[in-house]
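Given next are the chains, with one letter for each unit.
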2 protein chains.
Amino acid sequence: QEKVENKTPLVNESLKKFLSTKDGRVVAGLVVEFLQFFNLDFTLAVFEPESSTLNGLDSRENLARDLGIIEAEGTVGGPLLLEVIRRCHQKKGSSSA
Amino acid sequence: QEKVENKTPLVNESLKKFLSTKDGRVVAGLVVEFLQFFNLDFTLAVFEPESSTLNGLDSRENLARDLGIIEAEGTVGGPLLLEVIRRCHQKKGSSSA
């Protein structure tokens, strides 16, 4: 049996840590939803094992609820990230930063 | 020489249309920045040809400027999407929707 101690770990520690947070899982969920929305199946097939998200992230429905996005005619035609960005633009110029 | 007319097109028309918009390019740029931030190189290697974004999207610096994000200690430790989501949460509950 080979020794494995010195092999490069396959786990992406910074991503693993990120995915252990609620916001991190929402971000990764939005990325996956974007890939699914545009049927980028080859990218998804690589992303899931590389990011260790094979066990699944939140569905679009859950992500929208988390983000307070109410799905309507203007949102269903694009990935959720589009709606997120639109809100960002609305917010731009406010003094909360 | 073979006829190619009846072959399935390799171009993703809905994504192509999406990337022709400013917001669409920002969204795709944020996805790529997320993948780069976590060194998901295999995913990137598939995403770029599959999405026809080999010619490049905006850099993190340009994306941040577009979104009105001022990079600081609290933002540089994560992908830009994390900061975008944090703002979304701040905005949640406002009556603009």
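Scope of this entry: the structure provided in the associated data block. Here the structure is a predicted model, which means the values were calculated and not measured. (Residues numbered from 1 in each chain as written. Chains lettered and ligands numbered in written order. Predicted model: local features only at pLDDT ≥ 70, side-chain atom pairs only at ≥ 80, totals over all residues. Heavy atoms only, no water.)

Regarding the overall build of chain A
Along chain A, the regular secondary structure elements total 6 helices and 0 strands. The order of α-helices and β-strands along chain A, N terminus first, is α-α-α-α-α-α. Across the 97 residues that make up chain A, the buried fraction comes to 42%. For chain A, the share of sequence-separated contacts (at least 6 apart) that also reach a separation of at least 24 residues comes to 46%. (Helix = DSSP H or I, 4+ residues; strand = E, 2+ residues; numbered from the N terminus. Buried < 20%, exposed > 50% of the residue type's maximum accessible area, 1.4 Å probe, protein only. Contact = heavy atoms within 4.5 Å.)

Here's the deal with unusual backbone geometry
Positive phi outside glycine occurs at A:Asn39, with the angle close to 55°. Relative to the helices and strands, A:Asn39 is located in the loop between α2 (22-37) and α3 (41-51).

Thoughts on empty space enclosed by the protein
Residue and element names in this part refer to chain B. Within this structure, the stated rule accounts for 1 cavity of 30 Å³ or more. Considering only enclosed or pocket space, the largest cavity measures out at about 30 Å³ in volume. Here the element with the most residues in the lining of the largest cavity is helix α2 (residues 22-37); it accounts for 3 residues. (1 Å grid on protein atoms, 1.4 Å probe; cavity = no way out; pocket = protein on both sides within 12 Å on 5 of 7 lines; lining within 4 Å. Points joined across faces, edges and corners; volume = space filled by probe spheres on them.)

Here's the deal with the environment of B:Cys88
Considering the arrangement of structural elements, one finds B:Cys88 in helix α6 (residues 80-91). For B:Cys88, a relative accessible area of 4% corresponds to the buried category.

Section: α3(A)
When α3(A) is considered as a whole, its buried residues turn out to be A:Thr43, A:Leu44, A:Phe47, A:Glu50 and A:Ser51. Along the axis of α3(A), the buried positions cluster into a sector of 140°, meaning they face one direction only. Counted as exposed and oriented over 90 degrees from the buried face of α3(A): A:Phe42 and A:Ala45. Its buried side turned inward, α3(A) meets α1 (13-19) and α2 of chain A together with α2 and α3 (41-51) of chain B. Once α3(A) ends, the next one or two residues include A:Ser52, with phi positive near 55°. (Arc of directions from axis to C-beta.)

Overview of the relation of the copies chain A and chain B
Between chain A and chain B, the superposition needs a rotation of 180° and an axial shift of 0.0 Å, giving an RMSD of 0.0 Å. Both chain copies can therefore be described as sitting about a two-fold axis. Interface overlap between copies: 100% of the residues of chain A at the interface are likewise at the interface in chain B, consistent with a symmetric, same-surface contact. (Least-squares fit on C-alpha atoms with pLDDT ≥ 70 in both.)

Side note on the packing of α3(A) against α3(B)
The description of two packed helices rests on the angle between their axes and on the distance between the axes. The geometry of α3(A) relative to α3(B) is characterised by a closest axis approach of 8 Å and an angle of 170° between their N-to-C directions. Accordingly, the angle class assigned to the pair α3(A) and α3(B) is roughly antiparallel. Touching A:Asp41, A:Phe42, A:Thr43, A:Val46, A:Phe47 and A:Glu50 of α3(A) are B:Asp41, B:Phe42, B:Thr43, B:Val46, B:Phe47 and B:Glu50, all from α3(B). (Axes fitted to C-alpha atoms, helices over the stretch in contact; angles between N-to-C directions. Parallel < 35°, antiparallel > 145°, perpendicular 65-115°, else oblique.)

As for the packing of α2(A) against helix α4 (residues 60-67) of chain A
Residue and element names in this part refer to chain A. Axis separation between α2 and α4 bottoms out at 10 Å; the angle between their running directions is 130°. Taken together, the axes of α2 and α4 are oblique relative to one another. Viewed along their axes, α2 and α4 form a crossing whose handedness is left-handed. Here Lys22, Val26, Gly29, Leu30, Glu33 and Phe37 of α2 lie close against α4, whose contacting residues are Arg60, Leu63, Asp66 and Leu67. Class assignment for the residues of the contact of α2 with α4 results in 5 nonpolar, 1 polar and 4 charged. (Left-handed = near helix turned anticlockwise from the far one by under 90°. Nonpolar A, V, L, I, M, F, W, Y, C, P; charged D, E, K, R; others polar.)

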